[in-house]
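# Working through the structure, step by step
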Amino acid sequence: MPQLPGWAVVGNGVPAPPVVRGGRETFSWTEDHPIASYLTGVVIDRMTVHTGHLADGAPVVDAYTTGAEAAKPFEDRLPEVLGFLSSRFGKYPFSSACGIFYPGDAGGGFEMQERPVYPGGVAPERLTDIVHERAHQWFGDSVAVARWSDICLKECFATYAEWL
């Protein structure tokens, strides 16, 4: 993409440093785990990107589009959320973690592998949205449903994790 201030690209997996040539920026992401096509994604937008690491060294890449920064205090609890879920379901199954946030207060999200996307931000009373979407990373991302009547195979587990 053209190299533009404030614009970034976020995808599944582990990022490589962007390559800049001739005023263009190339972003690469590598996913080493099997992935269902409906769990893949790429977001290209004006974003503030924060990077860090989990205790085991896994990279964390959080992206906030303009107006979504209010979700940061909730996503900052990601190590706590993953620690809690790991204590119940076993080691976090992927080599990176992240959240992608858009402005709003509607809450909710969808479970892009390693990169849950929160199109309505995270409402203050809905930290459970982060727990729900992260819980999908253990089992929900391993299940593709054939019919809507099978949706409980992935959604009921994530809702159970919220209740925990």
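Look up a bit, the structure's there.
Residues numbered from 1 in each chain as written. Predicted model: local features only at pLDDT ≥ 70, side-chain atom pairs only at ≥ 80, totals over all residues. Heavy atoms only, no water.

### Focus on the sheet that holds strand E1 (residues 7-11)
Taken in spatial order, the 5 strands of this open sheet run E1-E6-E7-E8-E9, and their pairing is mixed. For this open sheet the edge positions go to E1 and strand E9 (117-118), each flanked by a neighbour on one side alone. As paired elements, strand E8 (residues 100-101) and E9 share 2 bridges and run parallel to each other. Each bridged residue has a counterpart across the sheet, and for Phe 101 the counterpart in E9 is Tyr 118. (Pairing = 2+ DSSP bridges. Helix = DSSP H or I, 4+ residues; strand = E, 2+ residues; numbered from the N terminus.)

### Re the environment of Val 42
Its location among the elements puts Val 42 in strand E6 (residues 42-53). For Val 42, a relative accessible area of 56% gives the class exposed. Once the C-alpha coordinates of Val 42 and Cys 156 are considered, the two residues, 114 residues apart in sequence, prove to be 26 Å apart. (Buried < 20%, exposed > 50% of the residue type's maximum accessible area, 1.4 Å probe, protein only.)

### Here's the deal with the side chain of Ser 96
With respect to the helices, strands and loops of the structure, Ser 96 is situated in the loop between helix H2 (78-89) and E8. A distance of 2.8 Å separates a polar atom in the side chain of Ser 96 from a polar atom in the side chain of Glu 114. Excluding residues that lie within four positions of it along the chain, Ser 96 makes contacts with Gly 13, Val 14, Ala 58, Pro 59, Glu 114 and Arg 115. (Polar contact = N/O pair within 3.5 Å; in protein donor to acceptor, adjacent residues only side chain to side chain. Contact = heavy atoms within 4.5 Å.)

### A look at the packing of H2 against helix H3 (residues 127-135)
A pair of packed helices can be characterised by two numbers: the angle between their axes and the separation between those axes. Running from amino to carboxyl end, H2 crosses H3 at an angle of 50°, the nearest separation of the two axes being 10 Å. Compared by their axis directions, H2 and H3 come out oblique. The two elements H2 and H3 cross, and the hand of that crossing is right-handed. For the pair H2 and H3, the contacting residues are Leu 78, Val 81, Leu 82 and Leu 85 in the first and Ile 130, Val 131, Arg 134 and Ala 135 in the second. (Axes fitted to C-alpha atoms, helices over the stretch in contact; angles between N-to-C directions. Parallel < 35°, antiparallel > 145°, perpendicular 65-115°, else oblique. Left-handed = near helix turned anticlockwise from the far one by under 90°.)

### Examining the packing of aromatic side chains
The final tally for this structure, using the stated rule, is 6 aromatic pairs. Ring geometry for Tyr 64 against Phe 101: centres 5.0 Å apart, planes inclined by 10°, an arrangement best described as stacked. Highlighted residues: Tyr 64 in strand E7 (residues 59-65) and Phe 101 in strand E8, separated in sequence by 37 residues. Where Phe 101 meets Tyr 118, the ring centres are 4.7 Å apart and the plane angle is 10°; that geometry is what we call stacked. On the criterion of sequence distance, the pair formed by Phe 101 in strand E8 and Tyr 118 in strand E9 is long-range, its members being 17 residues apart. Of the two residues, Phe 101 and Tyr 118, both sit in the buried class. The rings of Phe 89, Tyr 92, Phe 94, Trp 138 and Phe 157 are connected pair by pair, giving a single aromatic cluster. (Phe/Tyr/Trp six-rings, centres within 6.5 Å; stacked < 30°, edge-to-face > 60°.)

By themselves these figures say nothing about function.
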